[in-house]
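Next come the chains, spelled out residue by residue.
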Amino acid sequence: MLSCKIQCFTILNIVIIVMARNNSKNYTFPKDFIFGAATSAYQIEGAWNVDGKGQSIWDTFTHTHPDRISDGSNGDDAAKSYFKYKEDVRALKEMGMQFYRFSISWSRIMPQGLPNNINQKGIDYYNRLIDEVINNGLKPVVTMFHWDLPQYLQDLGGFASDVIIIYFEAYAEVLFENFGDRVHMWTTINEPYNHAFGYEVMTLAPGLNTTGVGIYLAAHNMIKAHARVYHLYDKHYRAKQKGKISLNLSVQWSVPEHKNSTDDKEATKAELEFTLGWYAHPIYSKEGDYPQIMKDRIRNLSLAEGFPTSRLPSFTSEEIVYVKGTADYFALNQYGSYLIAKGDTGANPSYFRDKGTLIEPDNWPKSETSTWESVTPKGIRNIIKWIKEQYGEELEILITENGFADNGELNDIIRINYLATYMIEVLKAIHFDKCKVIGYTVWSLIDNLEWSNGYSSKFGLYHVDFNDPDRKRTPKQSAHFMRNVTETRQIPYNYGIIDRELDEEEGL
Ligand code: BGC
């Protein structure tokens, strides 16, 4: 598909590649640095009730609340990857990628999420997909849970109930048993931060209005469920399967609104702890447990509100030890940055009020189709450095998501600029800051259902025609660009809007 389009490169692209190759100052990605692209089951597969798949909370949510999806759409058919997965794998290969990050739909494997009913057709599908990935010379990087919880388990309380922990472990066991011989890179949960938001806001499934309470219960049980699966792997599978496990953590870089304001600087620290630290501190820090600032603020506010104890659940001392160290690498999802000030906002109680921070208007370039995405490449380097400073120099970081939303143009020059400038910052983190970044993943391989934005916001390197019953895929310019990157292992340095001043200042 891609190869026949190569002649159609724009002159601009050719010039860029030549310049990049001639530019001796351009840094190269290390030899073993890997490139890939990502998707998730609900966003691309479709086939929502085919071959014995059970209902997930995103099926329920989009069917019962089309009003909460900006274009009223759902993932019933999505990009039909359940039927077209071979084309998707071919697209990765044509871009010269080394891995495919995708997720497994829990309710396709276990229709109710329970271990007494396993759907062989679901197992067969993922076996076919994994084999296709491997036979094309790529590695599978597999996420066990990307938000599409089986509805049955939600009826039992979802992640707000600790019943989920044993069922998540049982699900993981089925995955290790069936796929662990070929999958050596796992993540347990994609962005627990955003999934927990389904208990705080109405726009993400399960869409519960349990502000300031449900969100912390869900987060707590996700951390414990993750740790349980890590230990399961350690005990029964690691020696034989020799894989690595982590969880995907997302964060916006945070910058104080007023550089000289102590309040804003403190709020910025709080913002990072309440977003990334919330999940990373229990797992990656030396002492474990939640960040002190979260424990203090939420406890004080809870008591003042009339709760007998903190709304933030606590880990026992055994649990702190059990959770600590349960990741073999850091899986980072990073997109944009926020400008932060100190201040109170949100319902009482709520996560937003607990943080005591305000996200202020900024004038950074924005994606036209996403409310939260700013184009702030320096943020990715800063957060990589922050992770190294907080959690140790030796920690390997795999960027498991980075990408740009637009309307789906084939000539997606803004996406190319976004990817180029962000990857340059990743190179700086590797070469200047000596951070151990081991790979980079573009979100997303193909256009897909962008959660509550439906099909109105597109992240794909490949365009998908959602009006075509066959969901034709077409490579965008960014797919060609990524092929250049994987071939040259450099970034076309002089492309478009790259901030040259900064580059010179820092010696690139
Ligand atoms: C999620 C993806 C999502 C992407 C863009 C990440 O938060 O993991 O599922 O599509 O961001 O919003």
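Computed from a predicted structure; not experimentally measured. (Residues numbered from 1 in each chain as written. Predicted model: local features only at pLDDT ≥ 70, side-chain atom pairs only at ≥ 80, totals over all residues. Heavy atoms only, no water.)

Draft legend 1. Expanded view of unusual backbone geometry. Between Ala205 and the following residue, Pro206, the backbone shows a cis peptide bond with an omega angle of 5°. Tracing the sequence through the fold places Pro206 in the loop between helix H9 (192-196) and helix H10 (214-241). Note that the residue after Trp443, namely Ser444, is joined by a cis bond; omega there is 15°. By secondary structure assignment, the location of Ser444 is in the loop between strand S9 (437-443) and strand S10 (462-464). The phi dihedral of Glu191 is positive, around 45°, even though this residue is not glycine. With respect to the helices and strands, Glu191 occurs in the loop between strand S4 (185-190) and H9. At Asp289, a position not held by glycine, the phi torsion is positive, near 75°. Looking at where Asp289 falls in the secondary structure, it is placed in the loop between helix H11 (262-284) and helix H12 (292-305). Residue classification places Asp289 among the buried positions, given a relative accessible area of 12%. (Helix = DSSP H or I, 4+ residues; strand = E, 2+ residues; numbered from the N terminus. Buried < 20%, exposed > 50% of the residue type's maximum accessible area, 1.4 Å probe, protein only.)

Draft legend 2. The pattern of salt bridges, seen in detail. Scanning the model with the defined rule gives 25 salt bridges in all. Asp88 is the salt-bridge partner of Arg473, the closest N and O atoms lying 2.9 Å from each other. On the criterion of sequence distance, the pair formed by Arg473 in strand S11 (residues 473-475) and Asp88 in helix H4 (residues 81-94) is long-range, its members being 385 residues apart. Grouping residues by exposure puts Arg473 and Asp88 together as buried. Arg311 serves as the salt-bridge partner of Glu305, at 3.0 Å between the closest nitrogen and oxygen. Among the residues examined, Arg311 registers a relative accessible area of 6% and is labelled buried. Each of Lys84, Glu87 and Asp470 takes part in a single network of salt bridges with overlapping partners. (Salt bridge = Lys/Arg side-chain N within 4 Å of Asp/Glu carboxyl O.)

Draft legend 3. Region of interest: the packing of aromatic side chains. Enumeration over the complete set of coordinates arrives at 46 aromatic pairs. For the pair Tyr85 and Tyr125, a centre-to-centre distance of 5.6 Å together with 90° between the ring planes defines the contact as edge-to-face. A residue pair is termed long-range when its members are at least 10 positions apart, and Tyr85 in helix H4 and Tyr125 in helix H6 (residues 120-135) qualify at 40 residues. For Tyr125, a relative accessible area of 2% corresponds to the buried category. (Phe/Tyr/Trp six-rings, centres within 6.5 Å; stacked < 30°, edge-to-face > 60°.)

Draft legend 4. Region of interest: the site of the ligand. In the neighbourhood of the ligand, 13 residues make up the surrounding shell, with Gln43, His146, Glu191, Glu401 and Glu450 lying closest. Side-chain polar atom of His146 to an oxygen atom of the ligand: 2.8 Å apart, as the coordinates give it. One nitrogen or oxygen atom from the side chain of Trp443 is found 3.2 Å from an oxygen atom belonging to the ligand. Partitioned by chemical class, the residues of the shell around the ligand number six nonpolar, four polar and three charged. (Near = heavy atom within 4 Å. Polar contact = N/O pair within 3.5 Å; in protein donor to acceptor, adjacent residues only side chain to side chain. Nonpolar A, V, L, I, M, F, W, Y, C, P; charged D, E, K, R; others polar.)

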